[in-house]
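In case you want the letters, here they are:
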Amino acid sequence: MTVKIRLARAGAKKRPYYKIVVANADSPRDGKFLEKVGVYNPMLAKEDENRVVLIQDRIKHWVSVGAQPTDRVEKFLEKAKLIKTKSPVKRVVKKVSVKKQSQDSAINETSKTVETKQNKVSEESKKS
């Protein structure tokens, strides 16, 4: 069973507060976890030292036994120099082709609409 270091949401509506927890990958986001290893409060200023608080020795232990941090937690750990930075991998989503197809279909639809309107106008002018 894989173990992840991830965020669990807490706090009231529109007032997020996250616990950084070690949990089984199968458990739900706010569900059962193995250990709480830190907190993250996005409501604080970025310069505030209490924005991200980590229990470093426990995080080192969990990483050493194979726990995988999620993307956001990985950024926190890299900033705290608890793990080495990986080579930056850009996640490319192939939305360009989808956009192009939708743009082409939109152009075709508008051109058809314009043609039908022109045909109606020309038919009406022939009747008069």
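The preceding data block contains the structure.
Before going into details, it helps to say that this report is about the structure given with it. (Residues numbered from 1 in each chain as written. Predicted model: local features only at pLDDT ≥ 70, side-chain atom pairs only at ≥ 80, totals over all residues. Heavy atoms only, no water.)

A separate point is the pattern of salt bridges. On inspection of all chains with the given rule, the structure shows two salt bridges. The residue Arg-29 makes a salt bridge to Asp-30 at a minimum N-O spacing of 2.9 Å. The partner of Glu-35 in a salt bridge is Arg-58, with the nearest N and O atoms 2.8 Å apart. Here the residue Glu-35 occupies a position in strand β3 (residues 35–40), and Arg-58 occupies one in helix α1 (residues 56–64), the gap between them amounting to 23 residues. (Salt bridge = Lys/Arg side-chain N within 4 Å of Asp/Glu carboxyl O. Helix = DSSP H or I, 4+ residues; strand = E, 2+ residues; numbered from the N terminus.)

Right, let's get into helix α2 (residues 71–79). Turning to α2, its buried residues are Val-73, Glu-74, Phe-76 and Leu-77. Seen along its axis, α2 keeps its buried residues to an arc of 160°; they face one direction. Where α2 is buried, its residues touch β1 (3–10), β2 (17–24), β3, β4 (52–54), α1 and β5 (68–69). The positive-phi residue at the C-terminal boundary of α2 is Lys-81, with phi of around 60°. (Buried < 20%, exposed > 50% of the residue type's maximum accessible area, 1.4 Å probe, protein only. Arc of directions from axis to C-beta. Contact = heavy atoms within 4.5 Å.)

A surface patch of positive charge is lined by Lys-46, Arg-72, Lys-75 and Lys-79. Structurally, Lys-75 can be placed in helix α2. For Lys-75, a relative accessible area of 48% translates into the label partly exposed. (Patch = residues over 30% accessible without salt bridge, like charges linked within 9 Å, V, L, I, M, F, W, Y side chains within 5 Å. Areas by Shrake-Rupley, 256 points an atom, 1.4 Å probe, with all protein chains shown as cover. Lys, Arg positive; Asp, Glu negative; His and termini not counted. Charge placed at Lys NZ, Arg CZ, Asp CG, Glu CD.)

Attention now moves to the pairing of β2. As judged from the eight bridges shared by β1 and β2, these two strands associate in the antiparallel manner. In the sheet register, Lys-4 faces β2, and the bridge partner there is Ala-23. If you look at the hairpin formed by β1 and β2, you'll find six residues sitting between the two strands, and Gly-11 has a positive phi there, around 95°. (Pairing = 2+ DSSP bridges.)

Our focus in this paragraph is the pairing of β1. Note that β1 and β5 share two bridges and pair parallel. What sits directly across from Ile-5, in β5, is Pro-69.

As for its placement among the helices and strands, Pro-28 is situated in the loop between β2 and β3. Each C-alpha atom, one on Pro-28 and one on Ala-8, is 9.0 Å from the other, the two residues being 20 residues apart in sequence.

Further remarks concern the packing of aromatic side chains. Under the criterion given, the structure shown has two aromatic pairs. Measuring from centroid to centroid gives 5.8 Å for Tyr-18 and Tyr-40, while their planes differ by 20°, and the two rings are stacked. Here Tyr-40 lies in strand β3 and Tyr-18 lies in strand β2, a separation of 22 residues in the sequence. Plain terms: the ring middles of Tyr-40 and Phe-76 are 4.7 Å apart, the flat faces sit at 50° to each other, and that makes the pair tilted. (Phe/Tyr/Trp six-rings, centres within 6.5 Å; stacked < 30°, edge-to-face > 60°.)

Further remarks concern the side chain of Arg-51. Turning to its location among the elements, Arg-51 is positioned in the loop between β3 and β4. Within the buried core, Arg-51 has no salt-bridge partner, and the shortest N-O distance to an opposite charge, that of Glu-47, equals 8.0 Å. A distance of 3.3 Å separates the side chain of Arg-51 from the backbone oxygen of Pro-42, its partner in a polar contact. In this structure the side chain of Arg-51 is engaged in a polar contact, spanning 2.6 Å, whose partner is the backbone oxygen of Leu-44. Once residues within four sequence positions are removed from consideration, Arg-51 is found in contact with Val-39, Tyr-40, Asn-41, Pro-42, Leu-44, Ala-45 and Lys-46. (Polar contact = N/O pair within 3.5 Å; in protein donor to acceptor, adjacent residues only side chain to side chain.)

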